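Listed here are the chains, written in short residue letters.
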Protein chains: 2
Amino acid sequence: MARRRQAVTIKHVAADAGVSLQTVSRVINDEPNVRSAMKARVQASIDKLGYVPSIAARRMSGSRSYLILAINDRDRTIADWTARQGTDWVDQMLLGGMLKCAEYGYRLIFELVDTHSDHVERELRATIAALQPDGVILTPPHSDNPLIVRLLERQRIPFARIGSRGGGAGIALVMDDESMARHATRHLIDLGHRRIAFIAGSSEYPLSQWRVDGWESEMRAAGLPTAGLVARGDFTYESGAAATRQLLGHPDRPSAIIASNDQMALAALEVARELGIEIPSQLSLVSFDNTPIVRFTQPTLTAVDQPVAETVSRAVEMIIKAQRGEKLPPQPVIVAGGFVERESTSAPAHG
Amino acid sequence: MARRRQAVTIKHVAADAGVSLQTVSRVINDEPNVRSAMKARVQASIDKLGYVPSIAARRMSGSRSYLILAINDRDRTIADWTARQGTDWVDQMLLGGMLKCAEYGYRLIFELVDTHSDHVERELRATIAALQPDGVILTPPHSDNPLIVRLLERQRIPFARIGSRGGGAGIALVMDDESMARHATRHLIDLGHRRIAFIAGSSEYPLSQWRVDGWESEMRAAGLPTAGLVARGDFTYESGAAATRQLLGHPDRPSAIIASNDQMALAALEVARELGIEIPSQLSLVSFDNTPIVRFTQPTLTAVDQPVAETVSRAVEMIIKAQRGEKLPPQPVIVAGGFVERESTSAPAHG
DNA sequence: ATGAAAGCGCTAACAC
DNA sequence: GTGTTAGCGCTTTCAT
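Residues numbered from 1 in each chain as written. Chains lettered and ligands numbered in written order. Predicted model: local features only at pLDDT ≥ 70, side-chain atom pairs only at ≥ 80, totals over all residues. Heavy atoms only, no water.

Attention shifts here to the overall build of chain A. On a plain count of helices and strands, chain A comes out with 13 helices and twelve strands. Considering only contacts in chain A between residues 6 or more positions apart, those separated by 24 or more positions represent 71%. Surface exposure of chain A reaches about 14,500 Å², of which carbon and sulfur atoms provide 50%. In chain A, the 40 positive side-chain charges and the 40 negative ones have mean positions that sit 10 Å from each other. (Helix = DSSP H or I, 4+ residues; strand = E, 2+ residues; numbered from the N terminus. Contact = heavy atoms within 4.5 Å. Areas by Shrake-Rupley, 256 points an atom, 1.4 Å probe, with all protein chains shown as cover. Lys, Arg positive; Asp, Glu negative; His and termini not counted. Charge placed at Lys NZ, Arg CZ, Asp CG, Glu CD.)

As structure tokens, then:
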């Protein structure tokens, strides 16, 4: 194999501009102590030759790598990709992360890491050693993994923990699950609903409880009952179906249901259909996450929008700031979600 | 900011094992001329210290970077991510590409490049200079961009061209669009359909024509008419709706329609509903691509499965082989697609 | 404000 | 088989 060398290096630029390597280095890193005339001359050579610094060489010399690593759980991600159920978590991560990285001249590298194995640490350490990223973005369930957090802390790499309320090192960011749940509940209350049920998600994820809390507090504030109105699922379709059957089997059945994610909402839709309950005229349905599928069901689903892209974008920003030693805002950073009204919600039948 | 150095380097391993750097290098690269006892000793030190070679240093020394770059069109990708219509092209690319890369100790880096701008070349050159990947995977419409192909050829980087039949340098891979279209057509013929219409895609993409060709040749082979049975769309929902109206407005309307992608199939579904034509009893519908949405429509759509993951996986494999100087199979490599029967196809009403 | 020299971690080339 | 040397492209000292 032919060895590939850098086509244009800092040497070529220095020679072309008739200055030292160091001066070129100063220009490309936008450092002080370069006269503007000099700077212009060097920049002209850079443009002329089409010079781009090598990340490898930069990293070698002990400087930044301009790489930010985004870590996702391997099993779950591969399962989602294979199932092709329309989950676009990864896409939204890339959307938020890559674009923000590009703004700062960084690059996002997406990696899968196996959470559940006992060698998480080794795996992550290997990835870091190989890539030497300037920062790491953790997503659930890694965000609260003490092994990972400790490792990153020891390596002194700035890292963001998405979906974590903090405690320990790292930059904690959460999407505002509680407010989003409150918003959804408020929407239904405003439509005239009083018996609003909630299908909770897996208790493995802290956000499941945050969502329940939001619903509960809004119900309380409106003086509405919550007893018997929670069913616990685990984010799967099957669990959503079971939860819905439980809720709709109730003698005084709810006129509205909020499901903690889209898969469970989909199940609720199907169960309602089976039972001959029409949506939205006889039952309103709100779903969580706003993944693509909610646009294609019939009726389309009113949904809470999980601000994944925005959150990752903020994470990137904060990592870069942290790396530069800038001051960070108080944490956890709370990212506001959205709410999209579609066809699955309306005033209750006998409001 | 504290400068981060590699925690464990080849030096530490060499010292620990009591050998030279070069011997360690030989072991980690699995090169010949190391006695197995020596190799074991070095490996023990590597494991003990948790050593992982630095990609940057490897690249610096003129060797491989173990990075493979996958390039997608920026505008289109961002539009897809933002629209959240369930397109999982990127996910499938990552699925096929990352897993195959991991098998060989490589890493896939996903990048966006702006096709339509006149500085494609500069942009791509910059990315290559920064990352120095060992290979590049091109997707449409980049695969047939002569500027890009020439650039990569000159840089002597192995590259794959997905969706290109070849001509010029690089490894050409296509999904077997023609066969897939034939398969879909055959499925409908076997069900008893005789008037089978086809909604073609944008002529900007060569695969649009390949799909038409497959349908046409299968129809011919079965002695069935094709005149007046093609409507041209451009892969958008709107164009699909217009095409469907045109086809169903025909006095002797088709009993089945094949749409060149899922968005247009979705439109066909909606138009049929508007016209009071029931699917599948009065009209069979087959869609192309098998993106997530076809699982959620009502009825669910029988669809041709575009083997994106498999194709990217093959591309990675061939790039690595090419880089090692191994012989490659004849091209274009043709990757077989799949076919998934769901609810939208059945025997025609008056068959 | 600019330049020169040293070194980052690794591998290719060559010596032994 | 194994060790030694040089150098990759860049940034960090430290001079000037």
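Our next topic: the pattern of salt bridges. Scanning the entire structure with this criterion turns up 45 salt bridges over all chains. Across the pair Arg84 of chain A and Asp305 of chain B runs a salt bridge whose closest N-O atoms are separated by 3.0 Å. Here the residue Arg84 of chain A occupies a position in the loop between helix 5 (74-83) and helix 6 (89-103), and Asp305 of chain B occupies one in strand 10 (residues 302-305), the pair thus bridging two chains. You'll find Arg84 of chain A and Asp305 of chain B in the same group, each marked buried. Here Asp177 of chain A and Arg211 of chain A are joined by a salt bridge, their closest N and O atoms 2.8 Å apart. Of the two residues, Asp177 of chain A is situated in helix 9 (residues 177-191) and Arg211 of chain A in helix 10 (residues 206-221); the sequence distance between them amounts to 34 residues. The residues Asp177 of chain A and Arg211 of chain A share a single accessibility class, namely buried. Linked through salt bridges whose partners overlap, the residues forming this network are Glu178, Arg182, Arg186, Asp190 and Glu218 of chain A. (Salt bridge = Lys/Arg side-chain N within 4 Å of Asp/Glu carboxyl O. Buried < 20%, exposed > 50% of the residue type's maximum accessible area, 1.4 Å probe, protein only.)

Each partner contributes residues to the interface: chain B has 60 residues there, and chain A has 60 residues. Carbon and sulfur atoms make up 56% of the area that chain B and chain A hide from each other, which totals about 5,300 Å². Remark: the boundary between chain B and chain A carries six salt bridges. The residue inventory of the side of chain B that touches chain A, partitioned by class, reads 29 nonpolar, 17 polar and 14 charged. (Buried area = accessible area lost by both parts, 1.4 Å probe. Nonpolar A, V, L, I, M, F, W, Y, C, P; charged D, E, K, R; others polar.)

By nearness alone, 30 residues border DNA strand C, and Thr23, Asn33 and Met60 of chain A together with Ile10 and Tyr51 of chain B come closest of all. Between a phosphate oxygen of DNA strand C and a side-chain N or O atom of Ser20 of chain A, the distance comes to 2.9 Å. Ser61 of chain B places a side-chain nitrogen or oxygen 2.7 Å from a sugar or linking oxygen of DNA strand C. Mapped by element, the contributors of at least two residues to the surface near DNA strand C are helix 2 (21-28) of chain A together with helix 2 (21-28) and helix 4 (55-60) of chain B. Tallying contributions element by element places helix 2 of chain B first for the surface near DNA strand C, with four residues. (Near = heavy atom within 4 Å. Polar contact = N/O pair within 3.5 Å; in protein donor to acceptor, adjacent residues only side chain to side chain.)

The description of an aromatic ring pair uses the distance of the two centres, along with the angle that the planes make with each other. This model, assessed by the stated rule, comprises eight aromatic pairs over all chains. Taken together, a centroid distance of 6.0 Å and an interplanar angle of 75° make the contact between Tyr205 of chain B and Phe235 of chain B edge-to-face. Taken together, the positions of Tyr205 of chain B in the loop between strand 6 (196-200) and helix 10 (206-221) and Phe235 of chain B in the loop between strand 7 (230-232) and helix 11 (237-249) put the pair 30 residues apart, joining distant regions of the chain. One Lys or Arg, Arg165 of chain A, reaches over the ring of Trp210 of chain A and ends 3.9 Å from the middle of that ring. (Phe/Tyr/Trp six-rings, centres within 6.5 Å; stacked < 30°, edge-to-face > 60°. Lys NZ or Arg CZ within 6 Å of the ring centre and 35° of its normal.)

A few words now on the nonpolar core. Counting residues in each nonpolar core, the largest one holds 153 residues, and the members touching the most others are Leu94, Phe110 and Ile137 of chain A together with Leu94, Phe110 and Ile137 of chain B. Those residues in contact with Leu94 of chain B that lie beyond four places of it in its chain are Trp81, Val90, Leu94 and Phe110 of chain A together with Leu99, Leu108 and Phe110 of chain B. Membership of the second largest hydrophobic core comes to 44 residues, among which are Leu124, Leu138 and Phe159 of chain A together with Leu138 of chain B. (Core = buried A, V, L, I, M, F, W, Y, C linked by side-chain atoms within 4.5 Å.)

This brings us to the protein's contact with DNA strand D. With respect to spatial proximity, 29 residues lie near DNA strand D, and among them Ile10, Gln22 and Tyr51 of chain A together with Thr23 and Met60 of chain B are the closest. Atoms of DNA strand D within 4 Å of the protein: sugar and phosphate make up 68%, bases the balance. Contact between DNA strand D and Asn29 of chain A: a phosphate oxygen at 2.9 Å from a side-chain N or O atom of the residue. In the environment of DNA strand D, a sugar or linking oxygen lies 2.7 Å from a nitrogen or oxygen atom belonging to the side chain of Ser61 of chain A. Secondary structure elements with two or more residues in the surface near DNA strand D: helix 2 and helix 4 (55-60) of chain A together with helix 2 of chain B. Of the residues that constitute the surface near DNA strand D, the class distribution is ten nonpolar, 13 polar and six charged.

Along its sequence, chain A is organised into domain 1 (10-58), domain 2 (67-175 + 308-337) and domain 3 (177-305). Taking the mean C-alpha position of each, domain 1 of chain A and domain 3 of chain A sit 59 Å from one another. (Domains from an automatic or database assignment.)

What follows concerns the sheet that holds strand 6 of chain B. All names here are of chain B. What the six strands build is an open sheet, ordered 7-6-8-9-10-12; its pairing is mixed. The outermost strands of the open sheet, each flanked by one partner alone, are strand 7 and strand 12 (338-340). When the angles between neighbouring strand axes are averaged without regard to direction, this sheet yields 20°. Where helix 9 (residues 177-191) meets the sheet, it contacts strand 6, strand 8 (256-259), strand 9 (284-289), strand 10 and strand 12, and its direction lies at approximately 165° from that of strand 9. (Pairing = 2+ DSSP bridges. Axes fitted to C-alpha atoms, helices over the stretch in contact; angles between N-to-C directions.)

Next up on the list: the relation of the copies chain B and chain A. Turning chain B through 180° and shifting it by 0.0 Å along the axis lays it on chain A, with an RMSD of 0.1 Å. What the rotation and shift describe, once combined, is the action of a two-fold rotation axis. Scanning chain B for the C-alpha nearest the rotation axis identifies Ala56 of chain B, at a separation of 2.1 Å. Mapped onto chain A, 100% of the interface residues of chain B are again interface residues, and the two copies thus contact each other with one and the same surface. (Least-squares fit on C-alpha atoms with pLDDT ≥ 70 in both.)

Time to look at the environment of Thr236 of chain B. Residues and elements named next belong to chain B. Here Thr236 lies in the loop between strand 7 and helix 11. A relative accessible area of 31% places Thr236 in the partly exposed class. Distance in space between the C-alpha atoms of Thr236 and Ala267 is 8.7 Å, their sequence separation being 31 residues. Setting aside chain neighbours within four positions, we find Thr236 in contact with Gln263 and Met264. Among the polar contacts made by the side chain of Thr236, one reaches the side chain of Asp234 at a distance of 2.6 Å.

All names here are of chain A. Considering the arrangement of structural elements, one finds Asp134 in the loop between helix 7 (120-131) and strand 3 (135-138). The exposure class of Asp134 is buried, given its relative accessible area of 1%. A polar contact is formed between the side chain of Asp134 and the backbone nitrogen of Tyr66, at a distance of 2.7 Å.

With that settled, consider helix 7 (residues 120-131) of chain B. Residues and elements named next belong to chain B. A rise of 1.5 Å per residue sets the reference length of helix 7, with its twelve residues, at 16 Å; its end C-alpha atoms lie 16 Å apart and thus fit the reference within 8%. Buried within helix 7 are the following residues: Val120, Glu123, Leu124, Thr127, Ile128, Ala129, Ala130 and Leu131. Of the residues one or two after helix 7, Gln132 is the one with positive phi, at around 50°. (Expected span 1.5 Å × (residues − 1).)

Residues and elements named next belong to chain B. Mapped onto the secondary structure, Gly337 falls in the loop between strand 11 (333-335) and strand 12. For Gly337, a relative accessible area of 35% puts it in the partly exposed group. Non-local contacts of Gly337, meaning those with residues more than four positions away in its chain, are made with Met180, Asp305 and Pro307.

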